[in-house]
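# Coordinates in review
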Amino acid sequence: NAGVTQTPKFQVLKTGQSMTLQCAQDMNHEYMSWYRQDPGMGLRLIHYSVGAGITDQGEVPNGYNVSRSTTEDFPLRLLSAAPSQTSVYFCATKNTGHGGNQPQHFGDGTRLSIL
Amino acid sequence: ELKVEQNPLFLSMQEGKNYTIYCNYSTTSDRLYWYRQDPGKSLESLFVLLSNGAVKQEGRLMASLDTKARLSTLHITAAVHDLSATYFCAVDRAGTASKLTFGTGTRLQVTL
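Below you will find a few notes about this structure.

Here is what the cut-offs are and how they apply
- Residues numbered from 1 in each chain as written.
- Chains lettered and ligands numbered in written order.
- Predicted model: local features only at pLDDT ≥ 70, side-chain atom pairs only at ≥ 80, totals over all residues.
- Heavy atoms only, no water.
- 1 Å grid on protein atoms, 1.4 Å probe; cavity = no way out; pocket = protein on both sides within 12 Å on 5 of 7 lines; lining within 4 Å.
- Points joined across faces, edges and corners; volume = space filled by probe spheres on them.
- Helix = DSSP H or I, 4+ residues; strand = E, 2+ residues; numbered from the N terminus.
- Nonpolar A, V, L, I, M, F, W, Y, C, P; charged D, E, K, R; others polar.
- Buried < 20%, exposed > 50% of the residue type's maximum accessible area, 1.4 Å probe, protein only.
- Pairing = 2+ DSSP bridges.
- Contact = heavy atoms within 4.5 Å.
- Polar contact = N/O pair within 3.5 Å; in protein donor to acceptor, adjacent residues only side chain to side chain.
- Phe/Tyr/Trp six-rings, centres within 6.5 Å; stacked < 30°, edge-to-face > 60°.
- Lys NZ or Arg CZ within 6 Å of the ring centre and 35° of its normal.
- Disulfide = S-S within 2.5 Å.

## Digging into the layout of surface pockets
When its volume is computed, the largest pocket comes out at roughly 680 Å³. In this structure, the largest pocket is lined by 31 residues; those nearest its centre are Gln 37 of chain A together with Gln 37, Pro 39, Gly 40 and Thr 86 of chain B. Elements represented by at least two residues in the lining of the largest pocket include exactly strand 9 (87-94) of chain A together with strand 9 (85-92) and strand 11 (106-111) of chain B. Residue composition of the lining of the largest pocket, by class: ten nonpolar, 14 polar and seven charged. Here the second largest pocket defines a volume of roughly 570 Å³.

Structure below.
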């Protein structure tokens, strides 16, 4: 996906470890968000940001922190990984102009396993 | 709480056949989106539906929206193997910072 870059693509952690999932975009979109995808549950919103310096919680925020110091970057931090956080994580951005009627653009995802 | 339900969850169909995927949502929403996801891949935007009666078509896929019934459909015409994927619908509301609520997805398998 041109424009939204997620790193790493795969990661294995032990319970209790911390890590940061990176998301960078070059489309100058104000809106960025993080979702997790679990089998049979679709995607669920973790945190989102409507612009640099502004973040808010989504549907499943517990265990995750975010910050947005620049328009381009929106990292997701796991402070103390738990097996329940094993999932595929997607970052998405959106052009909020044009009445906000554009779709969100998704990155390629990070597959995270917590042992 | 906004809920989005899709059915069926799994659909196996033969090439050349027609079928419809249904997406129901529980409260008033302003925008409905359809996405496609291939196994192990990202989500690709297919359609954005904004108003009652909206219909959009791309190739063998046609999406429609009935806001009064809170229902969207994704119709597949003369399916081909390349359409095999998981299809998600999602909704959000204007003024809610574009927080998407997704359905659980419909896994479509088109067999020869």
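Read on, since the account is not over.
## Quick word on the pairing of strand 4 (residues 31-37) of chain A
Residues and elements named next belong to chain A. Burial analysis of strand 4 places seven of its seven residues in the buried class, the great majority of the element. Neither face of strand 4 is left uncovered, since the one carrying Tyr 31, Ser 33, Tyr 35 and Gln 37 and the one carrying Met 32, Trp 34 and Arg 36 both have all their residues buried. What sits between the antiparallel neighbours strand 4 and strand 5 (residues 43-51) is a turn of five residues, in which Gly 40 has the positive phi angle 75°.

## Some thoughts on the environment of Gln 25 of chain A
All names here are of chain A. Note that Gln 25 resides in strand 3 (residues 19-25). In sequence terms Gln 25 and Leu 79 are 54 residues apart; their C-alpha atoms lie 24 Å from each other. Residues within four places of Gln 25 in sequence aside, it is in contact with Gly 3, Met 32, Arg 68, Thr 71, Glu 72 and Thr 93. From its side chain, Gln 25 meets the backbone oxygen of His 29 in a polar contact 2.6 Å long. Within polar-contact distance, the side chain of Gln 25 engages the backbone oxygen of Thr 71 at 3.0 Å.

## Here's the deal with the packing of aromatic side chains
Counted under the stated rule, the structure contains ten aromatic pairs over all chains. Consider the rings of Tyr 31 of chain A and Tyr 48 of chain A, whose centres lie 6.1 Å apart with planes at 25°: the pair is stacked. Of the two residues, Tyr 31 of chain A is situated in strand 4 and Tyr 48 of chain A in strand 5; the sequence distance between them amounts to 17 residues. Relative accessible area serves as the criterion here: at 1%, Tyr 31 of chain A is assigned to the buried category. Relative accessible area serves as the criterion here: at 7%, Tyr 48 of chain A is assigned to the buried category. Linked through ring pairs, Tyr 35, Phe 90 and Phe 106 of chain A together with Tyr 33, Tyr 35, Phe 88 and Phe 102 of chain B together constitute an aromatic cluster. Sitting above the plane of the Phe 74 of chain A ring, Arg 68 of chain A keeps its charged end 5.9 Å from the centroid.

## Describing the state of the cysteines
Applying the stated rule across the entire model yields two disulfides over all chains. Two residues, Cys 23 of chain A and Cys 91 of chain A, share a disulfide whose sulfurs are 1.9 Å apart. When the S-S torsion is -70°, as for the bridge of Cys 23 of chain A with Cys 91 of chain A, the disulfide is left-handed. Linking Cys 23 of chain A in strand 3 with Cys 91 of chain A in strand 9, this pair joins segments that are 68 residues apart in sequence. By the burial criterion, Cys 23 of chain A is buried, and Cys 91 of chain A matches it. Between the sulfur of Cys 23 of chain B and that of Cys 89 of chain B lies a disulfide, 2.0 Å long from S to S.

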